[in-house]
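What the coordinates show
The residues making up each chain are set out below.
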Amino acid sequence: MQQREERAALFALLLAKRTAWSKIVEEILDADSVRAVLEKTFRTRNMPCGTEDSPLERAIAKARALLDQCASHGVGVHAFWEDHYPAALREIHEMPPVVFTKGAVAHDRRAVAVVGPRRPSPRGRAIVSGVAEALVERNITVVSGLTAGVDTVAHTAVLRRGGRTVTVLGTGINHYRPRGSRKLQQETAERGMVLSPFLPDTPAARENLTLRTAVMSGYAAATIVVEAGEHSSARAQAHIALRHGRPVIFTQELLANQWAREHSERPGVYVASGIAELVEVVDSILAEATMTADEFIAALETSTFDW
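Note that this is a predicted model, so its numbers are computed, not measured.

**What to know about helix 6 (residues 150–160)**
Among the 11 residues in helix 6, 8 count as buried, and that is most of the element. Those residues of helix 6 that sit buried are Val150, Asp151, Val153, Ala154, His155, Ala157, Val158 and Leu159. Residues of helix 6 that are buried make contact with strand 3 (111–115), helix 5 (122–137), strand 4 (141–144), strand 5 (165–168) and helix 7 (182–191). Positive backbone phi, approximately 75°, marks Gly162, located one or two places after helix 6.

**Focus: the nonpolar core**
By size, the foremost hydrophobic cluster in this structure holds 68 residues, and its most contacted members are Phe100, Val143, Val225 and Phe250. When sequence neighbours within four positions are dropped, the list of residues in contact with Phe100 reads Phe11, Cys70, Val75, Gly76, Val77, Ile173, Val194, Leu195, Ser196, Phe198, Leu199 and Pro200. Membership of the second largest hydrophobic core comes to 26 residues, among which are Ala157, Ala221, Ile224 and Ile249.

**Side note on the pairing of strand 5**
Alternating residues of strand 5 divide into Thr165 and Thr167 and Val166 and Val168, and every residue in both groups is buried. In the sheet, strand 4 pairs with strand 5 via 3 bridges, with the strands oriented parallel. Paired with Ser144 across the two strands is Thr167, which belongs to strand 5. Crossover strand 4 to strand 5 through helix 6 is right-handed. Handedness of the strand 5-helix 7-strand 6 (residues 193–196) crossover: right-handed.

**Looking at the UniProt feature "domain: Smf/DprA SLOG" (unreviewed entry) in the chain**
As recorded in UniProt, the feature "domain: Smf/DprA SLOG" (unreviewed entry) lies at residues 79–288. Secondary structure over residues 79–288 splits into 38% helix and 17% strand, and the C-alpha atoms at its two ends are 28 Å apart.

**With respect to unusual backbone geometry**
Unusually for a residue other than glycine, Asp108 sits at a positive phi of about 50°. Topologically, Asp108 is positioned in the loop between strand 2 (98–103) and strand 3.

**Topic: the sheet that holds strand 4**
The strands making up a sheet are joined through hydrogen bonds of the backbone, oriented either antiparallel or parallel. If you walk across this open sheet you meet the 9 strands as 1-2-6-5-4-3-7-8-9, and the pairing is mixed. The open sheet has two free edges, formed respectively by strand 1 (76–79) and strand 9 (269–272), since each of these has just one partner strand. With strand direction ignored, the average angle separating the axes of adjacent strands in the sheet is 25°. Relative to strand 9, strand 8 (residues 248–251) runs parallel, the two being bridged by 4 bridges. Its bridge partner lying in strand 9, Val248 is registered against Val269.

**What to know about the pattern of salt bridges**
Applying the stated criterion across every chain yields a total of 14 salt bridges. A salt bridge links Arg164 to Asp108; the shortest N-O distance between them is 2.8 Å. Of this pair, Arg164 sits in the loop between helix 6 and strand 5 while Asp108 sits in the loop between strand 2 and strand 3, and the two are 56 residues apart along the sequence. For the pair Arg164 and Asp108, one class covers both residues: buried. Glu133 is paired through a salt bridge with Arg161; the nearest N and O atoms lie 3.3 Å apart. Pair noted here: Glu133 is in helix 5 and Arg161 is in the loop between helix 6 and strand 5, with a separation of 28 residues, a long-range link. A residue is classified by how much of its surface remains accessible, and Arg161, at 46% relative accessible area, is partly exposed. Taken together, the shared-partner salt bridges in this structure form one network comprising Glu133, Glu137, Arg160 and Arg161.

**Description of the packing of helix 1 (residues 2–16) against helix 2 (residues 21–31)**
The N-to-C vectors of helix 1 and helix 2 enclose an angle of 140°; their axes lie 11 Å apart at closest approach. Considered as vectors, helix 1 and helix 2 are oriented oblique to each other. The handedness of the crossing between helix 1 and helix 2 is right-handed. Across the interface between the two elements, Leu10, Leu13 and Leu14 from helix 1 touch Trp21, Ile24 and Ile28 from helix 2. The residue inventory of the contact of helix 1 with helix 2, partitioned by class, reads 6 nonpolar, no polar and no charged.

**A short note on the packing of aromatic side chains**
Under the definition given, this model contains 3 aromatic pairs. Seen in terms of ring centroids, Phe80 and Trp81 are 5.4 Å apart; in terms of plane orientation they differ by 80°. Their pairing is edge-to-face. You can call Trp81 partly exposed: its relative accessible area is 29%. Aromatic side chains Phe250 and Trp259 sit 5.5 Å apart centroid to centroid with 80° between the ring planes, which places their arrangement in the edge-to-face category. Judged on exposure class, the residue Phe250 and its partner Trp259 are both buried.

**What about the side chain of Glu133?**
By relative accessible area, which is 16% here, Glu133 ends up buried. Among all residues touching Glu133, those that are not within four sequence positions of it are Ala157, Arg160 and Arg161.

**Quick word on helix 7**
Among the residues making up helix 7, those that are buried are Leu184, Gln185, Thr188 and Ala189. Buried positions in helix 7, seen along its axis, are confined to an arc of 140° and lie on one side of it. Exposed side of helix 7, more than 90 degrees from the buried face: Lys183 and Glu190 are the residues found there. Contacts made by the buried residues of helix 7 are with strand 2, helix 6, strand 5 and strand 6.

Here is what the cut-offs are and how they apply
- Within each chain, residues carry numbers counting from 1 in the order of the written sequence.
- Two thresholds apply to this predicted model, a pLDDT of at least 70 for residue-level local features and 80 or more for giving and counting side-chain atom pairs, whereas whole-chain, interface and lining totals are computed over all residues.
- Each side-chain value is worked out from all heavy atoms of the structure, with water and hydrogens disregarded.
- Residue exposure (1.4 Å probe, protein chains only): buried if accessible area is under 20% of the type maximum, exposed if over 50%, otherwise partly exposed.
- Each helix is a run of H or I in the DSSP string that is no shorter than four residues. Each strand is a run of E no shorter than two, and both are numbered from the N terminus.
- Contact definition: two residues touch when any of their heavy atoms are within 4.5 Å.
- As used in this record, nonpolar core signifies buried Ala, Val, Leu, Ile, Met, Phe, Trp, Tyr and Cys residues forming a set joined through side-chain atoms within 4.5 Å.
- At least two DSSP bridges between two strands are needed for those strands to be called paired.
- For a crossover, the right-handed case is the one in which the path from the first strand over the helix to the second runs clockwise, viewed with the strands pointing away from the viewer.
- UniProt positions are given in the numbering used here, feature names are shortened, and annotations may be inferred rather than shown by experiment.
- Angles here are taken between N-to-C directions and fall from 0 to 180 degrees, while the axes themselves are lines fitted to C-alpha atoms, restricted in helices to the stretch in contact.
- Counted as salt bridges are all cases of a side-chain nitrogen of Lys or Arg within 4 Å of a carboxyl oxygen of Asp or Glu.
- An angle counts as roughly parallel when it lies under 35 degrees, as roughly antiparallel when it exceeds 145, as roughly perpendicular when it falls between 65 and 115, and as oblique in every other case.
- Each helix crossing is assigned a hand: it is left-handed if the near helix lies turned anticlockwise from the far helix by less than a right angle, otherwise right-handed if that turn is clockwise.
- Each residue is assigned to one class: nonpolar for Ala, Val, Leu, Ile, Met, Phe, Trp, Tyr, Cys and Pro, charged for Asp, Glu, Lys and Arg, and polar for all the others, Gly among them.
- Pairing of aromatic rings covers Phe, Tyr and Trp, the last through its six-membered ring, and needs centres within 6.5 Å; plane angles under 30 degrees mean stacked, over 60 mean edge-to-face, and all others mean tilted.
- Within this analysis, the arc is defined by the directions that extend from the helix axis to the C-beta atoms.

Following this line, the structure appears as structure tokens:
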């Protein structure tokens, strides 16, 4: 019961508060209680909190109804303090207070994002399909965003090969965007996982894209950028991934862009001249990312570096 009430208080807070979600997380951690933050928010607005029909209690009642709706529609709810919340998202500044899922929830420690433009070249499509299939062969989860173009090609290739794919939405989980994506989103939920950092009925909006990109970067251990223009969301994800300390892999073709050539000189960026080389880089990154604490200590003890 207490878990449900804390979730309800969180939903009420997200519905009522217009501020960065990272700030909400900080406030909850400082107060050690979602309900306390919610009550403080209503008091700050001089809104009554002490009666059964107060604005606070009405907000919580609305939040409980939303929780019931999630349960009835098979939507998973994962608050940031719960064990089943994606652990990788706790490592990023933009950590959502809650994420919503459909499908099979897994730790996905071996997950790689594949991103690119909505209108990839025929060569780009071929690379994406080949990369996705190669990752499936290594039992690596492929993460993308379900938008037209590279995202759709990546998801489709993974599902065709029977692999696991995770799509991160820029809307609430009850929406299907872009048009025509309903079937692919439903198939991903049946054979992989759909994840959204937004309340279920949140419509598409430009301001959602930055958080969607940050969550995709944070969920994956690395990001592969196949093609990306000067102002594309794929370029933005490369930038955010590096800020998160996540490696970024460029295809050789991407170096036709000035921004990619500049980024290629930064630590954490790898350039692969073909799928075989790209997969070798991924294997190396994931081997390091999934190293256990004992393995890490053993590696230090056998290291020849002068610390």
